[in-house]
Every structure is written in structure tokens, then in C-alpha cells.
Amino acid sequence: MTLAQQIITAAVVVLATMLTRFLPFLVFPAGRPTPKYVQYLGKVLPSAVFGLLIIYCLKNVSIFTGSHGLPELISIVLVIALHLWKRQMLLSIAGGTVCYMLLVQFVF
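These numbers were taken from a predicted model, which means no experiment stands behind them. (Residues numbered from 1 in each chain as written. Predicted model: local features only at pLDDT ≥ 70, side-chain atom pairs only at ≥ 80, totals over all residues. Heavy atoms only, no water.)

**Q** Mind laying out the overall build of the chain, listing which residues take part and the relevant values?
**A** Check the secondary structure of the chain and you find four helices and zero strands. Reading the secondary structure of the chain in the N-to-C direction produces α-α-α-α. A compact globule built from 108 residues would reach a C-alpha radius of gyration of about 13 Å, whereas the chain, at 21 Å, exceeds it by more than 25%. For the chain, buried positions account for 9% of its 108 residues. Considering only contacts within the chain whose residues lie at least 6 apart along the sequence, 44% involve residues at least 24 apart. (Helix = DSSP H or I, 4+ residues; strand = E, 2+ residues; numbered from the N terminus. Rg over C-alpha atoms; globule rule 2.2 N^0.38 Å. Buried < 20%, exposed > 50% of the residue type's maximum accessible area, 1.4 Å probe, protein only. Contact = heavy atoms within 4.5 Å.)

Quick look at the structure:
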């Protein structure tokens, strides 16, 4: 990339970042109530995103070959147990990830 292209790229990235940061405050000012559809999306999208991530992460797991999906299953059970116990998302995600990595590297 030339210097001009690098400057243009950096400027576009800065502009896009600023737009995504400031646009919600411009579209939904503090004095007006939040529209019902935005409230609805705020309620359903987090669960939908997690469901999508679970499907994406487990799409190539084969229960008929290799470790038969045991590292994934054990890690999922640990994530559920940690979440039910502590109710801290970061702890649940980190615990499941560390468990999975340790199982894949040292056990299976």
C-alpha cells in the first residue's frame, strides 16, 4: 500500500468507528423512549447470538470418530455448571475454554 492508501484506510476506519459509536445516541436521544422493536431485539438477540455460536462451534463435531465429542461435551457441562454456580459469564466462558483446551491437548 502506498502512503496515501494507508492514510485513506486509517481515516475510513476511524470514521466508521466513530459512526458506530455516535450513531445510536443520534438515532435514539435520551429524551425519547426507546422503540419497542429495539427493546425486543435487546431481549432476544443475546440468546440468539449464543445459540448461533453454539451451533457454529459444534457443527464439525463427529460423535462417530476420534474422541466422539467427549471434550466438547465435558466442556459444555462445565460451562453450564459454572454458570449455574457463579452466574458470571466470563468465568463460564473462560472455564469451558480452558477445560476444552486442556482436554484436547493432554487427554484426547
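So that's the structure; there's more coming.
**Q** How would you sum up the environment of Leu52? Please name residues and give values.
**A** For Leu52, the position within the fold is in helix H2 (residues 36-58). Classification of Leu52 by relative accessible area gives exposed; the value is 59%. In this structure, the C-alpha to C-alpha distance between Leu52 and Leu103, residues 51 residues apart in sequence, is 24 Å.

Treat this as a map of the structure, not an account of what it does.
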